Each structure stands twice: as C-alpha cells, then as structure tokens.
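# Examining the three-dimensional arrangement
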Amino acid sequence: MEKIPVKIYEDSGKACCCVARRIGDLIRERQKEGKPAVLGLATGSTPIDVYKELIRQHRQEGLDLSGVITFNLDEYWPMDSRQIQSYHAWMYRHFFDHVNIKAEHIHIPSGSVPRDQVGAMCADYEQAIQQAGGLDIQILGIGRTGHIGFNEPGSLPESRTRLIQLDRVTRKDAASDFFGEENVPQMAITMGIGTIQQAREIILLAFGEHKAFIVQKTVEGTVSPEIAASYLQNHSNVTFYLDYPASEKLSRIATLWKADSCQWDDVFEKKAVLWLSQKLQKPILKLTSEDYNDNHLAELQRERGRAYDINLRVFHHMMRTITGWPGGKSSPKRILIFSPHPDDDVICMGGTICHLARQKHDVHIAYMVSGFLSVFDHNVIRHAEFVKAFNQIFGLTPDQTRSIEEHIESFLVQKQPGELDSKEVRQIKTMIRQTEAIAAAKYCGVTETNLHFLNLPFYDESIIHKVSFSDADIAVTTDLLERLRPEMIFAAGDLSDPHGTHRLCFTILMEACRRVFDSEAMPAILLYRGAWQEWAPEQIDMAVPLSPDELRQKRFSIFRHESQKDKAMFPGPYDEREFWQRAEERNMNTAKLYDQFGLPEYHAIEAFARFPIQMPAAIKALFDLP
C-alpha cells in the first residue's frame, strides 16, 4: 500500500536524531570529496530537533559546517527579515547562530523585495541552486492540507520558486504566530514542486496524530494536485520519517493483522476486536467466528482461543474502564491536574473535575503557561476601558494609574500587525487568562487557594515558537510537586499542539516527576486529550460518564474563558465552532462508541489513558531503530 518509503520511530526525537546523523554523514562525505554539501532546509517545530542535534554534533563531535551551502524552502511576503515571525529570524535564532556556516553560503527567499522584483528574485534563487550543484538533501514538513513548502493544493508538478497565495487553512494554522489570522500575510515565496523534486534526496518529517490522516493519503493514495506532497511518489529517493502517532492510519499499523502473521498480546487483541466491532457496526459480544475469519482475524482465534472467549475478555476490559469515581472510592486523594494553557483543564476534563470536587478529593490545578498569546487586543481594550471607568466612578485615578491607561491606549493604537506586546499589555493579557481560569475552576468546585499559576519561563521567553525549555522550567514544576506530593496526576496527552506548548509542558512535567519521585513511588498519571481528538478506544483506560446536566456544567465552565471565544482561528477542524462545541461533540461521540460496542449507554464520556500508554508488541516490532 505504501508508495513512498516510510521509517517509523517510537518518538519524534529518535526520528530527528536519525535524520541529523544522515545529514552529518553527507557533510563529512562531501568534505572528503572536496565538495560542498548543499542542503534544502525547512522551518517550524517539526525539524527543530534535527537542528539541535546538528548543533550538538558541531559542538561535541567537531562537525564542520563551513563548507555547507543552504537554501531555505520559503518565506512570507511581505515580511521584514528582522520581524520575529520571519523565517530569516527563525533560522538564525535556532540554527545559523550556533554553527559555522558562512554567511555567504546561506540563502533564504527575501520577503522584503518589491512586488515588481519578486519574479526576478525567484529566478535568481533557482539559478543559485543550480550554480551550487543542486540540492543534495531537501528537508520537508507536511501541512494538514498536504502542502510542502508553501505549495498549496492545486500546485503543479513543474512549478518553480514563485510567489503564491496562501490557503486559508495555512493562514489559520499560522494565526497564533501573528497574534490573529488577520495579521498573517496572504502570500509567501516558496520553492516549487519541480524545484523540490530535483533534490537528489528528499526527507519528509511528520510528527503527531494530527498528521496521520494526510500522511496516509500522501503515502497510500493517488498522485493529485490537491495533495502537493503526493507528487513525491514520483521521486526515486524520498523517505518519510514518522513518529508512531503520525503513522497510526497507515495500513500496516491500523490493520497489521492483514499481514501473514502477527505477535498477539492483550493490547493487540483489544485493538483488533474493537476495530472489527466498529467496522461491522456490531456489539463486541455479537461478533462471530465467521466475522473474525472474513476480516483477516482467523489467526487471532488460532492464537487466543474461540471468538466467544476473545469477545468476553475485551468486553470485560472495556467495562472496567467505566467509572463515575475517577479518584477512587476508598478515601479522598490529593489530585494535581496540569493544564498547559489556562483553559485546557475544563475543555478537556471539566466534567471529571466536577466529579472529583464533588467527591471531596483535594483537587489542585496547575496552569503551566500564562497563555497571553491567545488574547486578542480588543479584549485588552475592553478590560482597560472597564478599569478606567471603575477608577473614575470611585475616584481611584492617581497619576500612576493614568500613565498606565495612556500607555495602553497609545500602544494598541500604534501597534503594527504581528508586533510583540509591551510588558504592560502582556501583563494585562496574562491577568485576563488567570481570572478566567479562576472563575472556571471555582464553577467546577475547586477552591481558589488550590489553583497554581506556574507561568513557566519558556513560554514568555520563546514568545512564538515553543521549541526548548530550561532548568528554570523544571525547577518551578519540581517545587510544586514537592510541596503537594500528589497521589494522582492528570496531564495533557494531546502532544500534537503545532507550536509545541503541550509537548514541552509534558516533557517538563515528566522530568520533574523523575526528580521528585523514585520509580516505585511515582503517582498514577492519567492523560487527557484536547478538544478535537480523542484516544483510540483501545488506548482508553478510564472512561468517566457525564449526564446531560454534567455536560452542561462543563459547558458553562468553558464559557468562563470569554477571551477564547474567538479561538476558532486556532488549529482544529476546518470550521468555526468554539471549543465547547468541539469538546461536547468529542465527549458525546465517545459515549456513542461505547454504546455501539454493546457497553452501557451514556450521554457523554471523558476518556483518559494511563501513562505510559501500552503499545502492542507487534507494532513496536515495526519501529526503526534510532
């Protein structure tokens, strides 16, 4: 089924290390030949660990990049190279400033050339690639529409470096970088499909479950201008490097049992039976031996017993996931919920929080980042006007207050699209998020004294691209864990956040846990998912039912985050629904799925997976070694 070679790794870090090693080997080979290595480079959170590993090789292993020539894929237009959102600034900040590539060997399309000179600049860019001897390796990511570079749906295979109109989905995905979709440039300069195809080797990186659908379409589907990446099927030397979540819809992962032989264990058995139940739309206990035989699962019966016995095992396992007591019944526990942003807690597990509080557990919530980047300026203006009127009514207008009011008014009037906020505006946006989080948590029954705003430094320091953290972030998290000593932890397991906040927060939390708890004393860790993706049914370890009234209470807690009502601009389904609508649909669909399995029928269900997530040995055996 796979028309493009694919390598699958257990996690993105291992994939990136392999890619960096391949690039390092190429650089050394070219040095021995007395030739430059010519690299086509990409930006964004996907290849960041490749650059980190190359930097490590340069510093610790003496990798010499002085003979390397680079050409970047793309750049927004118009875009000043000094602007923080520019790919020029990104490449220097995350790679070029840390290695010894010569300035004259660095090529990035200019986003500041006048419109009437763009064509000539693009032609010069193509010529420069040819004069360098052509690209040895081109690094790519893949967008949710299947774009590579900025080659949007409809791009033709012979296209060259050019100015292109950006697809609305692409602009929505970039909205948070520019503090609003309206600030995202409508155009960009990109290498064309034809330019990319002339590279001697192409490496495409894709990480996260949100890339699984487009990866499957690209690798197993037909070549189509609607999915620009599908043209890579025609290249003779291209490899996709995926982490496990990005590979989950590939046939060899999703239906591995269609192969000649499989290694069956409890986890893989559950995956296969739930797949069969969904495919046939039959309850688990009604699946027959013929159903198994007709759907490539005869070997499962030979290895694991009769269909009746298999059905019972999986049915009882799924029944045991259902509980209205997520913290247990024996005695109240100290429970710590980690929320990457100030609204992830109620969006993802608001109903469960209500359960825990109502059942008298000692519930604490830690909000890991300030979330100020997600507050629009008009919300600052609205709050500033309220404070101004409040001060005037009650006579609270000292000179210092007036000066802050004047700064807010003048700064926001003069603020340019995509410009960074001043310290004062940032503080107001942070305060807006905090007060909303307090209101939402209190509505769920959690006391304000049990709310902890960690404001991890990486978020404020990275500003836009969340790509790294420091010991300071771990120290803040470690301190909270040591003070509270929770018996149970809930954390965000939705690690496909495109700007890296969820992924970094989880990495920080795990490192802090390792420093605070030894392996035997580690508290139970349950992972929740975001607003638009749910755990696969075989991954669910705890399912918390919600009645219509409980789902309504969750909805009203989400409403407390008033500043986020515009968040349809952020990555998610291609529609304009708000987070509460997406969350409700997800919870209700999970309940429908449980009902279809022949399990008790509920109005809605919030689902959790226990960390570490169990993985079938048969799938682990498919992973490439780092």
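See above for the structure.
Residues numbered from 1 in each chain as written. Predicted model: local features only at pLDDT ≥ 70, side-chain atom pairs only at ≥ 80, totals over all residues. Heavy atoms only, no water.

Let's shift gears to the overall build of the chain. Within the chain one finds 23 helices and 17 strands. Whereas a compact globule of 626 residues would reach a radius of gyration of roughly 25 Å, the chain reaches 26 Å, a difference of no more than 12%. Oriented by its inertia axes, the alpha-carbon framework of the chain measures out at about 80 × 70 × 45 Å. The proportion of buried residues among the 626 residues of the chain is 58%. Restricting to contacts in the chain with at least 6 residues of sequence separation, those with at least 24 account for 78%. Working note: accessible area of the chain is about 25900 Å², and carbon and sulfur atoms make up 51% of it. (Helix = DSSP H or I, 4+ residues; strand = E, 2+ residues; numbered from the N terminus. Rg over C-alpha atoms; globule rule 2.2 N^0.38 Å. Buried < 20%, exposed > 50% of the residue type's maximum accessible area, 1.4 Å probe, protein only. Contact = heavy atoms within 4.5 Å. Areas by Shrake-Rupley, 256 points an atom, 1.4 Å probe, with all protein chains shown as cover.)

Moving on, we get to the environment of Ile-137. Position of Ile-137 relative to the elements: it lies in strand E6 (residues 137–140). Overall, Ile-137 belongs to the buried group, its relative accessible area being 1%. When the C-alpha positions of Ile-137 and Gln-198 are compared, they lie 9.9 Å apart, and in sequence the two are 61 residues distant. Apart from the residues lying within four places of it in its own chain, the contact partners of Ile-137 are Arg-22, Ile-23, Leu-26, Val-38, Leu-39, Gly-40, Glu-201 and Ile-203.

Time to look at the packing of helix H2 (residues 48–60) against helix H3 (residues 87–94). Packing of H2 against H3 brings their axes to within 10 Å, and their N-to-C directions diverge by 40 degrees. Classified by the interaxial angle, the pair formed by H2 and H3 is oblique. Side by side, H2 and H3 meet where Ile-48, Tyr-51 and Ile-55 of the first sit next to Trp-90, Met-91 and His-94 of the second. Classifying every residue of the contact of H2 with H3 gives five nonpolar, one polar and no charged. (Axes fitted to C-alpha atoms, helices over the stretch in contact; angles between N-to-C directions. Parallel < 35°, antiparallel > 145°, perpendicular 65-115°, else oblique. Nonpolar A, V, L, I, M, F, W, Y, C, P; charged D, E, K, R; others polar.)

This brings us to a nonpolar patch on the surface. On the surface, Phe-386, Val-387, Phe-390, Ile-393, Phe-394 and Leu-396 cluster together to form a nonpolar patch covering roughly 640 Å² of accessible area. Along the chain, Leu-396 turns up in the loop between helix H15 (377–393) and helix H16 (399–414). (Patch = residues over 30% accessible without salt bridge, like charges linked within 9 Å, V, L, I, M, F, W, Y side chains within 5 Å. Salt bridge = Lys/Arg side-chain N within 4 Å of Asp/Glu carboxyl O.)

Glancing now at the sheet that holds strand E15 (residues 524–528). What the seven strands build is an open sheet, ordered E13-E12-E11-E14-E15-E17-E16; its pairing is mixed. A single partner strand is all that each edge strand has here, and the edge strands are strand E13 (451–453) and strand E16 (542–546). Here the strands of the sheet are splayed against their neighbours by 25 degrees on average, with no regard to which way each runs. Pairing between E15 and strand E17 (residues 604–610): two bridges, direction antiparallel. (Pairing = 2+ DSSP bridges.)

This next bit is on the sheet that holds E6. Taken together, the seven strands give an open sheet; going across it, the order is E1-E10-E9-E6-E2-E3-E5, and neighbouring strands pair in parallel fashion. Two strands close off the open sheet at either side, each with one partner strand: strand E1 (6–9) and strand E5 (106–107). The sheet contact formed by strand E9 (residues 201–206) and strand E10 (residues 238–243) spans five bridges and is parallel. What sits directly across from Ile-203, in E10, is Thr-239.

With an omega dihedral of -5 degrees, the bond running from Trp-77 to Pro-78 counts as a cis peptide bond. Here Pro-78 shows up in the loop between strand E4 (74–77) and H3. The omega torsion across Phe-611 and Pro-612 is 0 degrees, close enough to zero to call that bond cis. Looking at where Pro-612 falls in the secondary structure, it is placed in the loop between E17 and helix H23 (617–620). At His-296, a position not held by glycine, the phi torsion is positive, near 65 degrees.

Counting residues in hydrophobic clusters, the biggest one holds 103 residues, and the most contacted among them are Phe-71, Phe-338 and Leu-481. In terms of residue count, helix H20 (residues 501–516) provides more of this core than any other element does, nine residues in total. Other than its neighbours up to four places away in sequence, Leu-481 contacts Leu-336, Phe-338, Pro-486, Ile-489, Leu-509, Ala-512, Cys-513, Val-516 and Phe-517. Core analysis: the next-biggest nonpolar cluster, separate from the first, contains 34 residues, Ala-15, Cys-16, Leu-39 and Ile-48 among them. (Core = buried A, V, L, I, M, F, W, Y, C linked by side-chain atoms within 4.5 Å.)

What follows is about H2. Taking 1.5 Å per residue, 13 residues should reach 18 Å; H2 reaches 18 Å between its end C-alpha atoms and fits that length. Residues of H2 that are buried include every one of Ile-48, Val-50, Tyr-51, Glu-53, Leu-54, Ile-55 and Gln-57, and no others. Buried residues in H2 make contact with helix H1 (12–33), strand E2 (38–41), H3 and E9. Positive backbone phi, at 75 degrees, marks Gly-62, one or two positions downstream of H2. (Expected span 1.5 Å × (residues − 1).)

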